[in-house]
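In case you want the letters, here they are:
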Amino acid sequence: MHDVNEIPRLLRWSEVSKIIPFSRSYVYDLMRQGRFPKGHKLIKGGQAVGWWASDINEYLRELKEDSESDQSEM
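How each quantity is defined
- Residues numbered from 1 in each chain as written.
- Predicted model: local features only at pLDDT ≥ 70, side-chain atom pairs only at ≥ 80, totals over all residues.
- Heavy atoms only, no water.
- Helix = DSSP H or I, 4+ residues; strand = E, 2+ residues; numbered from the N terminus.
- Buried < 20%, exposed > 50% of the residue type's maximum accessible area, 1.4 Å probe, protein only.
- Polar contact = N/O pair within 3.5 Å; in protein donor to acceptor, adjacent residues only side chain to side chain.
- Phe/Tyr/Trp six-rings, centres within 6.5 Å; stacked < 30°, edge-to-face > 60°.
- Salt bridge = Lys/Arg side-chain N within 4 Å of Asp/Glu carboxyl O.
- Patch = residues over 30% accessible without salt bridge, like charges linked within 9 Å, V, L, I, M, F, W, Y side chains within 5 Å.
- Areas by Shrake-Rupley, 256 points an atom, 1.4 Å probe, with all protein chains shown as cover.

Once that is clear, we can look at the environment of S17. For S17, the location among the structural elements is in helix α1 (residues 13-19). Taking the relative accessible area as the measure of exposure, S17 reaches 31% and is therefore partly exposed. Polar contacts involving the side chain of S17 include one to the main-chain carbonyl oxygen of S14, which spans 3.0 Å.

Dropping the structure here:
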């Protein structure tokens, strides 16, 4: 359940890299494959990219569930 007062946060790469133990190039490869949340331009026409914290949290939750289901099949 989401808190009504929760403010959506955009995470920059430096924050994402502390949460996700993958290299930047691997993350961008996963994004191209549709297997990692897409980054969002912070300014139209700019280069800065951010990821919604909620998207990263959802990715981690799915990764955990997949890992747990793989282990239960063993």
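Another aspect to go through is the packing of aromatic side chains. Tallied over the full model, the rule gives four aromatic pairs. Taken together, a centroid distance of 5.1 Å and an interplanar angle of 90° make the contact between F22 and Y26 edge-to-face. Cluster of aromatic residues (ring-pair linked, three or more members): W13, Y28 and W51.

This paragraph deals with the pattern of salt bridges. Side chains that differ in charge, positive against negative, can pair when their charged atoms come close. What the rule picks out here adds up to five salt bridges. Between R32 and D29 there is a salt bridge, and its shortest N-O distance comes to 4.0 Å. Taken as a pair, R32 and D29 lie in helix α2 (residues 24-32) at a separation of three residues, close to a single helical turn. The exposure class assigned to R32 is exposed, which follows from its relative accessible area of 63%.

Moving on, we get to a nonpolar patch on the surface. Residues L10, L42, I43 and W52 make up a contiguous nonpolar surface patch of roughly 340 Å² in combined accessible area. Here W52 is to be found in strand β3 (residues 49-52). Judged by its relative accessible area of 31%, W52 falls in the partly exposed class.

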